[in-house]
Amino acid sequence: MTIDHSAAPAGTALAGEAGRAWDALGGVLRDADAFLRGLPEPAARSAAQRTAAAAAHDRARAARTRFMDAHAAAVYAVLTAGRTRDLRIDALVEAAAETFPGLVPTAARLAAERTRAQADKEGLEIDQGIFLRGVLRSPVAGPHLLDAMLAPTGRALDLLPEFARTGTLDMEAVRLERRDGVAYLTMCRDDCLNAEDERQVDDMETAVDLAHLDPSVGVGLLRGGEMSHPRYRGRRVFSAGINLKRLHAGEISLVGFLLRRELGYIAKLVRGVRVPDGADGAAWQWPTVDMPWVAAVDAFAIGGGMQLLQAFDHVIAEAGAYLSLPAAQEGIIPGASNYRLTRATGPRISRQIILSGRRIRAAEPAAETLVDEVVEPPEMDAAIARSLDRMRGAAVVTNRRMLNLADDPPEEFRRYMAEFALQQALRIYGQDVLAKVGRFGRTA
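Here the structure is a predicted model, which is why all the values come from computation and not from measurement.

A.B. asks: Help me understand the overall build of the protein chain in this model?
C.D. replies: A tally of regular secondary structure across the protein chain gives 18 helices and 12 strands. What you see for the protein chain is a C-alpha radius of gyration of 22 Å, in line with the 22 Å of a compact globule of 444 residues. Along the longest, intermediate and shortest principal axes, the C-alpha atoms of the protein chain span 65 × 50 × 40 Å. Going through the 444 residues of the protein chain one by one, you find that 55% of them count as buried. In the protein chain, of all internal contacts separated by at least 6 residues, the share reaching a separation of at least 24 is 74%. Only carbon and sulfur atoms are counted for the fraction: they give 53% of the accessible area of the protein chain, which is about 18,500 Å².

Structure representation (structure tokens):
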């Protein structure tokens, strides 16, 4: 299959029962939209208008949910020409907006929303969450979408010839270098402690794609670069997690960040990058190009940084480093950690970390299920070199595949991500979250 980065053509209709259900839903959506357009902008609404708007959204969203629960596979078939076209999630929601008006917000409406602070938005991304939950729940559509997300991005394919020639690529958020069969990925947002935003997600997926597609690379390393931030100037830092300043400004999107991150480069770290059509090699043996990955944690891995570690085959941390998942305190869901962390630590520690905000020091016994090696800072480079050398074994790739099938089954991951799509959308518009990011925005 080939990735199609365009939206599906408009005017394609559902047939039979699905078509009748869509016609009925269209009336509900038009009524809700007309009512909401008659109100002031969200930030200017009175308390009574906010209550009425919430009721209108609830009616429309309940109807969308019933429709997607019953007809997600049929909708997806229309958008992907019977699953013969691969659409990434951004192209998929754009195609849905064009082909099924009102089912999800249009690109133009989302662009207008993006100019507002998070607290001043209508919350249209919740409708995307309903749509994507329906697609991912479908045992027919969901696996096809996850498979589409494992294909290399258009940006990576454009950059591949240059990277193959030079072995280096400098992007805004990530630096990629190939040396002696190793892909070295360095997160280099030195001013914000590698706090993640949509730019970093795009750069990370590009780097992960290129590392996998270069046939001379057999193992990858992810590490944070040296910081210019005043508190950590000159020191390496792994990651401070989600960029809360960007979230307050309304620049952290459901599709472009929260879902693309999980279904894009993190999924590729676990499962590999799908073999492009026409590529040399034995694709029949395994559907992806994959390899072992090592992570090196300097200073801390907070939030999304700690989430990342659960996708790696070997984790090395300096003795003074710590790990934490403060997402519940921030009001959001820590990516796929609710799915993966219990498998690593057991239920008690995972609940302490996720629900209570427990911080885990790399040197304490509780970190043994999260970190493979703990070394003093001067020993980090030597420990990394030893780990990379161990990961070069011929049987390592095959065994990590089998381990990942057992530890991270694709079907269970799909079901988790289906619910994540909606629940995270609801969380980023929760009143508690809006209050927290609002305070952060005033003090940042």
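So much for the structure itself; the text now carries on.
A.B. asks: Any chance you could explain the side chain of Thr153 here in plain terms?
C.D. replies: Assignment of secondary structure puts Thr153 in the loop between α6 (141-149) and α7 (154-166). Assessed through its relative accessible area of 6%, Thr153 is described here as buried. One polar contact links the side chain of Thr153 to the main-chain amide nitrogen of Ala156, over a distance of 3.1 Å. Those residues within four positions of Thr153 in sequence are excluded, and the remaining contacts are Arg88, Glu205, Thr206, Asp209, Arg260 and Lys268.

A.B. asks: Would you explain the packing of helix α1 (residues 16-37) against helix α2 (residues 47-79) in this entry?
C.D. replies: Two numbers describe a pair of packed helices, the interaxial angle and the distance between the axes. Where α1 meets α2, the closest approach of the two axes is 10 Å, and the angle between their N-to-C directions is 160°. Taken as axis vectors, α1 and α2 run roughly antiparallel relative to one another. Seen along the crossing, α1 lies across α2 with a hand that is left-handed. Residue-level contacts link Glu17, Ala18, Ala21, Trp22, Leu25, Val28, Leu29, Ala32, Phe35 and Leu36 of α1 to Ala52, Ala53, Ala56, His57, Arg59, Ala60, Ala63, Arg64, Phe67, His71 and Ala74 of α2. Residues belonging to the contact of α1 with α2 are distributed by class as follows: 16 nonpolar, 2 polar and 3 charged.

The rules behind each value
Residues numbered from 1 in each chain as written. Predicted model: local features only at pLDDT ≥ 70, side-chain atom pairs only at ≥ 80, totals over all residues. Heavy atoms only, no water. Helix = DSSP H or I, 4+ residues; strand = E, 2+ residues; numbered from the N terminus. Rg over C-alpha atoms; globule rule 2.2 N^0.38 Å. Buried < 20%, exposed > 50% of the residue type's maximum accessible area, 1.4 Å probe, protein only. Contact = heavy atoms within 4.5 Å. Areas by Shrake-Rupley, 256 points an atom, 1.4 Å probe, with all protein chains shown as cover. Polar contact = N/O pair within 3.5 Å; in protein donor to acceptor, adjacent residues only side chain to side chain. Axes fitted to C-alpha atoms, helices over the stretch in contact; angles between N-to-C directions. Parallel < 35°, antiparallel > 145°, perpendicular 65-115°, else oblique. Left-handed = near helix turned anticlockwise from the far one by under 90°. Nonpolar A, V, L, I, M, F, W, Y, C, P; charged D, E, K, R; others polar.

Everything listed here is a matter of geometry and, on its own, says nothing about what the molecule does.
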